[in-house]
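So you can see what is in the structure, the chains are spelled out below.
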Amino acid sequence: MVFAPDFDPTDPVAVLTELIRCRSVTPNEGGALSALQTMLEPLGFSVDRPTFSDADTPDVENLFAARGAGPHLVFAGHTDVVPPGEEADWQVPPFSADIVDGELYGRGAVDMKGGIAAFIAAVARQIAENRLPEGRVSLLITGDEEGPAVNGTVKLLDWTVREKGERFDACLVGEPTNPDRLGDMIKIGRRGSLSAEVVVHGRQGHVAYPHLADNPLRTILAIGESLLAEPLDEGTEAFPPSNCEITSIDTGNPSVNVVPARARLFLNVRFSDVWSSESLKAELTRRIDAGATGGRYRPGREPAKVEISWRERPAEPFLTRSEPLIEAISEAVKEVTGSTAKLSTTGGTSDARFIRFVCPVVEFGLVGQTMHMTDERVPLADLEALTEIYDQFISRWFAAQP
């Protein structure tokens, strides 16, 4: 890949421009990892690009780049992006990286090519000014964060540890963490996530002859009431209360005069560290059974047949307790923005849920208000400020190492 002759890796706008112009819609590499390799190798990084495969999922190429020796700080992120939707709806083409009124537009500008660009620019500045601390700095970049997350970070971590012999001491994930303005929030953990499908079997029939049919919706409604009747918990000091949401109830029945044969309910729970996925499954099963056997909607009938299918790979809640890591990012944010960032575990899941098994991890990136939206964009001022934060963070973290 060839950049413009005046390409400057210390300029996050230049780096992000090149990345956005790569159409890396998940799971396609789209040239984004090639662009990173072209940027990083002149900075002294060794670059590996392993591809991982699994049944029923697309092959995904990933990147691991590292330089130096000693205490190991890794930056993690992803170059894959969600589809842009109707491109005609965008103010500018979604892969053009045009700048309008001081903001750089493009799919991935916020989530999360902007974070990658800021980190590369921060490291490049330290190298150019001969002040990169002694130690090992690396980038762990996947192309499978927005996809099924099967052939991405979890396998890349295993590969770097098993095949490369790497040992990570701390990780910064550059996901957009700030709700309103840069400096609002640092993620020091994440809630767990558990999804399930509940199927209730009934008997199809004519609505005018209900004694010959058995409507599964009666039971599915009771199950829904039972699931939501009581809070799962009140939260903890670090976690908000767990939240169960019923996301769909469906029979696949287009007719108004036919009792359906079965009904399906889908749910997702974002849960605090009061629970593990296994203890939460037990509680949800208890509530589902109570709803199915309550008899309120089916007087005189035997309990309906109910099946519960738990989705694979639930995410467990976690909390980072590494004070040197948390202090390094908090102090860097405070110095650049003047804000004391809130330490939070809110939001969805991220690849930090895999990284936390190998080293302490925190997350800090751009403001997330336009991520995944039409006209995703980042203010140039925020991109520069994030670069300065990452620059200070790198220096502060290494300075705290024994």
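Coordinates for the structure precede this section.
Residues numbered from 1 in each chain as written. Predicted model: local features only at pLDDT ≥ 70, side-chain atom pairs only at ≥ 80, totals over all residues. Heavy atoms only, no water.

K.L.:
Give a detailed account of the environment of Ala 55, specifying residues and quantitative values.
P.N.:
Positionally, Ala 55 belongs in the loop between β2 (51–54) and β3 (57–61). Residue class for Ala 55 comes out exposed when judged on its relative accessible area of 57%. Each C-alpha atom of the pair Ala 55 and Asp 6 lies 44 Å from the other, and the pair is 49 residues apart in sequence. (Helix = DSSP H or I, 4+ residues; strand = E, 2+ residues; numbered from the N terminus. Buried < 20%, exposed > 50% of the residue type's maximum accessible area, 1.4 Å probe, protein only.)

K.L.:
Account for the nonpolar core, naming residues and giving values.
P.N.:
In this structure, Leu 36, Leu 40, Phe 364, Tyr 390 and Phe 393 are the most contacted members of the largest nonpolar core, which totals 63 residues. When residues in this core are grouped by element, the largest group, 9 residues, is from helix α9 (residues 380–399). Filtering out sequence-adjacent residues up to four positions away, Leu 36 remains in contact with Leu 19, Leu 63, Thr 79, Ile 116, Ile 120 and Ile 141. Judged by nonpolar contacts, the second largest core, of 20 residues, contains Ala 196, Ile 220, Leu 232 and Ala 292. (Core = buried A, V, L, I, M, F, W, Y, C linked by side-chain atoms within 4.5 Å. Contact = heavy atoms within 4.5 Å.)

K.L.:
I'd like to hear about the packing of aromatic side chains, residue by residue, with values.
P.N.:
Scanning the entire structure with this criterion turns up 6 aromatic pairs. Ring plane angle 50° and centroid distance 4.6 Å describe the contact between Phe 3 and Phe 7, whose orientation is recorded as tilted. Like Phe 7, Phe 3 is buried. Joined through ring pairs, the aromatic side chains of Phe 75, Phe 119 and Tyr 390 make up one cluster. When the ring centre of Phe 357 is taken as origin, the NZ or CZ atom of Arg 356, which lies over that ring, is 4.1 Å away. (Phe/Tyr/Trp six-rings, centres within 6.5 Å; stacked < 30°, edge-to-face > 60°. Lys NZ or Arg CZ within 6 Å of the ring centre and 35° of its normal.)

K.L.:
Tell me about the pattern of salt bridges, and please be specific about residues and values.
P.N.:
Side-chain pairs of opposite charge can arise where the charged atoms are in close proximity. According to the stated counting rule, one finds 24 salt bridges in the structure shown. A salt bridge links Asp 48 to Lys 164, with the shortest nitrogen-to-oxygen separation between them at 2.9 Å. Linking Asp 48 in strand β1 (residues 46–48) with Lys 164 in the loop between α4 (153–162) and β9 (170–173), this pair joins segments that are 116 residues apart in sequence. Judged by relative accessible area, Asp 48 falls into the partly exposed class, the value being 21%. Accessibility expressed as a relative area gives 37% for Lys 164, which makes it partly exposed. The residue Glu 363 makes a salt bridge to Arg 190 at a minimum N-O spacing of 2.8 Å. Taken together, the residues span a long stretch of sequence, with Glu 363 in strand β20 (residues 361–363) and Arg 190 in strand β11 (residues 189–190) at a distance of 173 residues. Residue classification places Glu 363 among the buried positions, given a relative accessible area of 2%. A relative accessible area of 7% means that Arg 190 is categorised as buried. Taken together, the salt bridges that share partners define one network made up of Glu 29, Arg 49 and Glu 61. (Salt bridge = Lys/Arg side-chain N within 4 Å of Asp/Glu carboxyl O.)

K.L.:
Tell me about the sheet that holds strand β14 (residues 243–250), and name the residues and values.
P.N.:
Across a sheet, strands are paired by hydrogen bonds formed along the backbone, either parallel or antiparallel in direction. The strand order across the open sheet built from 4 strands is β14-β16-β12-β17, with neighbouring strands paired in antiparallel fashion. Looking along the sheet, the strands with just one partner apiece sit at the ends: β14 and β17 (305–310). When the angles between neighbouring strand axes are averaged without regard to direction, this sheet yields 20°. Running at roughly 10° to strand β16 (residues 262–271), helix α5 (residues 216–228) makes contact with β12 (192–201), β14, β16 and β17 of the sheet. Each of β12, β16 and β17 is contacted by helix α6 (residues 277–293), which is oriented at about 160° to β17, the strand it contacts most. (Pairing = 2+ DSSP bridges. Axes fitted to C-alpha atoms, helices over the stretch in contact; angles between N-to-C directions.)

K.L.:
Explain the packing of helix α1 (residues 12–20) against α9 residue by residue, including any values.
P.N.:
The geometry of α1 relative to α9 is characterised by a closest axis approach of 10 Å and an angle of 110° between their N-to-C directions. Taken together, the axis directions place α1 and α9 in an arrangement best described as roughly perpendicular. Residues Pro 12, Val 13 and Leu 16 of α1 form the contact with α9, whose own contacting residues are Leu 380, Leu 383, Glu 384 and Thr 387. Its residues placed into classes, the contact of α1 with α9 shows 5 nonpolar, 1 polar and 1 charged. (Parallel < 35°, antiparallel > 145°, perpendicular 65-115°, else oblique. Nonpolar A, V, L, I, M, F, W, Y, C, P; charged D, E, K, R; others polar.)

K.L.:
Residues and numbers for helix α2 (residues 32–40), please.
P.N.:
When α2 is considered as a whole, its buried residues turn out to be Ala 32, Leu 33, Ala 35, Leu 36, Met 39 and Leu 40. Taken down its axis, α2 places every buried residue within 155° of arc, on the same side. Those residues of α2 hidden inside the fold are in contact with α1, β1, β3, β4 (63–68), α3 (113–128) and β8 (136–142). (Arc of directions from axis to C-beta.)

K.L.:
I'd like to hear about the sheet that holds strand β6 (residues 99–100), residue by residue, with values.
P.N.:
With antiparallel pairing, the 3 strands of this open sheet are ordered in space as β6-β7-β21. Strands with a single pairing partner mark the edges of an open sheet, and in this sheet they are β6 and β21 (377–379). Relative to β21, strand β7 (residues 103–105) runs antiparallel, the two sharing 3 bridges. Considered in β21, the bridge of Leu 104 is made with Val 378. Seen against the sheet, α9 touches β6, β7 and β21 and runs at an angle of roughly 70° to β21.

K.L.:
Give a description of the packing of α1 against α2 that names residues and reports values.
P.N.:
At their nearest, the axes of α1 and α2 sit 9 Å apart, and the two run at 150° to each other. Between α1 and α2, the crossing angle belongs to the class labelled roughly antiparallel. Contacts from Val 15, Glu 18 and Leu 19 in α1 reach Ala 32, Ala 35, Leu 36 and Met 39 in α2. Grouping the constituent residues of the contact of α1 with α2 by class yields 6 nonpolar, no polar and 1 charged.

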